[in-house]
There are 2 protein chains.
Amino acid sequence: MSQINGNYPSRVLQDAVEAIGSLPGVGSRSALRLALHLLRQPSESIHQFACAVDRLATDVHYCRHCMMVSDGDVCSICADAKRDHRTICVVESVRDVMSIEATGQYKGVYHVLGGIISPINGIAPSDLHIKELLARLEEGMEVILALSGDVEGETTSFYLYRQIASLGVKVTTLARGLGFGDDLEYADALTLGRSIVARQPFKP
Amino acid sequence: MSQINGNYPSRVLQDAVEAIGSLPGVGSRSALRLALHLLRQPSESIHQFACAVDRLATDVHYCRHCMMVSDGDVCSICADAKRDHRTICVVESVRDVMSIEATGQYKGVYHVLGGIISPINGIAPSDLHIKELLARLEEGMEVILALSGDVEGETTSFYLYRQIASLGVKVTTLARGLGFGDDLEYADALTLGRSIVARQPFKP
């Protein structure tokens, strides 16, 4: 690593390497490699790259219903009359929406919390879009808590459940167990144990 | 991979992911992760990032002597009177200069070819800064061919040698052999074989 912490031949190059190296998972060596790659491109390509990134700061909107990234005031899912607007799937981030959408199995709408309760990272319930979620709920709706299975995800699910339970809303969560096609031999003990406890009727 | 080749919730996000994903070694999943990371930053940070990259297109100059990336017309190495300007180390890229500089062992100057002769990739000698190198050479100088040890590097070294040899210039190349501290057991056969053939006097 030492050879690239030294002197950069150009302040402009150094600034670009430091900017790229500030991205998560991009080390200083990779950042230099990427900056030099960009430098070899035509000016117009570099400019287009920079513009595409810059527009993240200026041109991205958030859906006023589900808080999802959107090009307009309402996202395409919330604007779709064919979706079931009485089933709301609560997720942590935009990526989760994209993952669930890619399955093609879900016809309800979403609510993006924008994070997860995490005292260690200083994220309190008030930092999340929980108020906006509660404002959307009406009696008879279903809320699917589709958060991650770790301690923070469980904590957030429990917190939301406490807030929602009294509103006459059905609260569900994702089924957990062995993945389809998973081999017992390679399953972790926790998942396998819970799969046995939560065993289901065999449907031939 | 399938879940992110689907519909992006925002055209702006999609453009940013595609731009980031066009970088070498950055897959579409990583590109989405990086774009969403940037999206979570304050607008000012995103803008700074984009500016730092954009300036690669507008504010980077190349040293008129050694063709190295520079902030001005002449790079700091060529402008340094304490360096030996009669020893020129020929390298493929800016990165190689930084690697050699980091060793602190070299006091001469450089010449950046900007690539390597590669018929497969359509890179001919005329695409490299060879003419500029020849224009710098004077009788009694030393040229160190510090190119990579693969076929293309060897080909380029040989081509340069043919061009330079008649100019009364001393041509040298990097010492090759086992790395310092290397274990014989793990050395590749080619390197070990050449190390034996090119054995050197033992200096206790």
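Note that the coordinates shown come from a computational prediction; the quantities given were computed from them, not determined experimentally.

### Focus: the confidence of the model for chain A
Residue and element names in this part refer to chain A. Taken as a whole, chain A shows an average pLDDT of 89; of its residues, 97% reach a score of 70 or greater. Model confidence for chain A, summarised as mean pLDDT per element, is weakest for helix H7 (residues 189-197) at 82 and strongest for strand E4 (residues 108-112) at 96. Prediction confidence for the complex, expressed as pTM and ipTM, is 0.78 and 0.79 respectively.

### Brief notes about the interface of chain A and chain B
Facing 50 residues of chain A, the contacting portion of chain B comprises 50 residues. Among the elements of the structure, helix H1 (11-21), helix H2 (28-40), helix H3 (43-58), strand E2 (69-70) and helix H4 (94-103) of chain A are those that each provide at least two residues to the side of chain A that touches chain B. Of the residues forming the side of chain A that touches chain B, the biggest block, 12 residues, is contributed by H3(A). Of the residues contributing to the side of chain A that touches chain B, the split by class is 29 nonpolar, 13 polar and eight charged.

### Description of the domain arrangement of chain A
Under the domain assignment used here, chain A contains domain 1 (2-58), domain 2 (82-173) and domain 3 (177-204). Each of domain 2 of chain A and domain 3 of chain A was reduced to a C-alpha centroid, and the two centroids are 25 Å apart.

### Examining the relation of the copies chain A and chain B
Structural alignment of chain A on chain B gives an RMSD of 0.1 Å, achieved by rotating through 180° and translating 0.0 Å along the axis. Read as a symmetry element, the transformation amounts to a two-fold axis. Among all C-alpha atoms of chain A, that of Ala50(A) lies closest to the rotation axis, at 2.3 Å.

### Considering unusual backbone geometry
Residues and elements named next belong to chain A. For Met-67, which is not a glycine, the phi torsion comes out positive at approximately 65°. Looking at the element boundaries, Met-67 is found in the loop between strand E1 (61-62) and E2. Of the residues examined, Met-67 has 19 C-beta atoms within 10 Å and is grouped as partly exposed.

### Regarding the sheet that holds E4(A)
All names here are of chain A. In spatial order, the strands read E4-E3-E5-E6; together these four strands make up an open sheet with parallel pairing. Here the strands that pair on one side only, and so sit at the sheet edges, are E4 and strand E6 (170-173). Direction aside, the axes of adjacent strands within the sheet are offset by 30° on average. Across four bridges, strand E5 (residues 142-145) lies against E6 in parallel orientation.

### Regarding the nonpolar core
Judged by nonpolar contacts, the single largest core of 98 residues is most densely connected at Val53(A), Val90(A), Val53(B) and Val90(B). Those residues in contact with Val90(A) that sit more than four places away from it in its chain are His111(A), Leu113(A), Leu133(A), Val143(A), Ile144(A), Leu145(A), Ala146(A) and Leu160(A).

### A look at the packing of H1(A) against helix H3 (residues 43-58) of chain B
Between H1(A) and H3(B), whose axes approach to 8 Å, the crossing angle comes to 140°. The angle between H1(A) and H3(B) falls in the class oblique. The way H1(A) lies across H3(B) gives a crossing that is left-handed. Contacts between H1(A) and H3(B) involve Val12(A), Asp15(A), Ala16(A) and Ala19(A) from the first element and Gln48(B), Phe49(B), Ala52(B), Val53(B), Arg55(B) and Leu56(B) from the second. Here the residues of the contact of H1(A) with H3(B) sort into seven nonpolar, one polar and two charged.

### Focus: the sheet that holds strand E4 (residues 108-112) of chain B
By definition, the strands of a sheet pair up through backbone hydrogen bonds, in either a parallel or an antiparallel sense. Residue and element names in this part refer to chain B. Strands sit in the order E4-E3-E5-E6 across an open sheet of four strands; the sheet is parallel. In this open sheet, the two edge strands, each paired with only one partner strand, are E4 and strand E6 (170-173). The sheet shows a mean angle of 30° between the axes of neighbouring strands, taken without regard to direction. As judged from the five bridges shared by strand E3 (residues 84-91) and E4, these two strands associate in the parallel manner. Within the sheet, the bridge partner assigned to Asp-84 lies in E4 and is Gly-108.

### Let's talk about the pairing of strand E5 (residues 142-145) of chain B
Residues and elements named next belong to chain B. Summarising the sheet, E3 and E5 pair through four bridges and their orientation is parallel. Residue pairing in the sheet places Thr-87 in a bridge with Glu-142 of E5. Regarding topology, helix H6 (residues 151-164) serves as the crossover connection from E5 to the parallel E6, and that connection is right-handed.

What counts and what doesn't
- Residues numbered from 1 in each chain as written.
- Chains lettered and ligands numbered in written order.
- Predicted model: local features only at pLDDT ≥ 70, side-chain atom pairs only at ≥ 80, totals over all residues.
- pLDDT = per-residue confidence, 0-100.
- Helix = DSSP H or I, 4+ residues; strand = E, 2+ residues; numbered from the N terminus.
- Contact = placed C-beta atoms within 7 Å.
- Nonpolar A, V, L, I, M, F, W, Y, C, P; charged D, E, K, R; others polar.
- Domains from an automatic or database assignment.
- Least-squares fit on C-alpha atoms with pLDDT ≥ 70 in both.
- Buried ≥ 20, exposed ≤ 12 C-beta atoms within 10 Å, placed from the backbone.
- Pairing = 2+ DSSP bridges.
- Axes fitted to C-alpha atoms, helices over the stretch in contact; angles between N-to-C directions.
- Core = buried A, V, L, I, M, F, W, Y, C linked by C-beta atoms within 7 Å.
- Parallel < 35°, antiparallel > 145°, perpendicular 65-115°, else oblique.
- Left-handed = near helix turned anticlockwise from the far one by under 90°.
- Right-handed = clockwise from strand over helix to strand, strands pointing away.

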